[in-house]
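Survey of secondary and tertiary structure
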Amino acid sequence: MEHTDRTPGIQLSESEAAAEARRIIESLYRPAPAPAPIPTSYRDTSPIEPGTAAPAVQEGRPPMSQRATDLSGLMLAGSVASLSVGGATSLVLYTLGQVDPVTLAVGAAGPVALVLAVGSLIRSAGRAKADSHTEHHHHYNGTVRQETTNVSSTTKGLFAKNRNDVR
């Protein structure tokens, strides 16, 4: 039986054909070489030179002090709270169907009048406190031991914690 090589016109003997077949079969069953590992990260250690470009505007709130941030959050919370009051007022006016302008004016002026009255009361209480006499005279007969403790604290915030440890 004659065997032909892949190259046209070349004849192989039985032993050469068997050797070639063995080579081809061994090459098919030989494991492929493992590929080189692909790097998953890279650290550039070259020094960074400062650029000349202007800073880019960042999205979100602008940078501000802690106090300004706290006040901004407080204003946002107040606006959310006023939304429910406005929604309730709108619902009441919608359910009434029709409201004459006088009723609407009285309803709108009521809270304003209340705020003005409370402000006036606080102002008059402040004036009364300023006018109060703070000098105390105590007259004792005999031996007197007098101790005075003044505790002053500054509390800020909605949930302030007061600690009055008087010993």
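Computed from a predicted structure; not experimentally measured. (Residues numbered from 1 in each chain as written. Predicted model: local features only at pLDDT ≥ 70, side-chain atom pairs only at ≥ 80, totals over all residues. Heavy atoms only, no water.)

Across its full length, the protein carries three helices and two strands. Counted from the first residue to the last, the protein has its helices and strands arranged as β-β-α-α-α. Scored against the burial criterion, the 167 residues of the protein give a buried share of 2%. When the accessible area of the protein is evaluated, it comes to approximately 16700 Å², of which 59% is carbon and sulfur surface. (Helix = DSSP H or I, 4+ residues; strand = E, 2+ residues; numbered from the N terminus. Buried < 20%, exposed > 50% of the residue type's maximum accessible area, 1.4 Å probe, protein only. Areas by Shrake-Rupley, 256 points an atom, 1.4 Å probe, with all protein chains shown as cover.)

Below, the discussion takes up a nonpolar patch on the surface. Among the surface-exposed residues, Ile 25, Leu 28 and Tyr 29 lie close enough to one another that they form a single nonpolar patch of about 410 Å² accessible area. As for its placement among the helices and strands, Ile 25 is situated in helix α1 (residues 14-29). (Patch = residues over 30% accessible without salt bridge, like charges linked within 9 Å, V, L, I, M, F, W, Y side chains within 5 Å. Salt bridge = Lys/Arg side-chain N within 4 Å of Asp/Glu carboxyl O.)

A few words now on the pattern of salt bridges. Applying the stated criterion across every chain yields a total of two salt bridges. A salt bridge links Arg 23 to Glu 20; the nearest nitrogen and oxygen atoms lie 2.5 Å apart. Of this pair, Arg 23 and Glu 20 both sit in helix α1, separated by three residues, roughly a single helical turn. Here Glu 20 falls in the partly exposed class, since its relative accessible area comes to 25%. The salt bridge partner of Glu 147 is Arg 145, with a shortest N-O separation of 2.4 Å. The burial state of Glu 147 is the same as that of Arg 145; both residues are exposed.

The predicted model of the protein has a mean per-residue pLDDT of 78, with 79% of residues at 70 or higher. Looking at the elements of the protein, mean pLDDT is at its lowest for strand β1 (residues 3-4), recorded as 54, and at its highest for α1, recorded as 89. (pLDDT = per-residue confidence, 0-100.)

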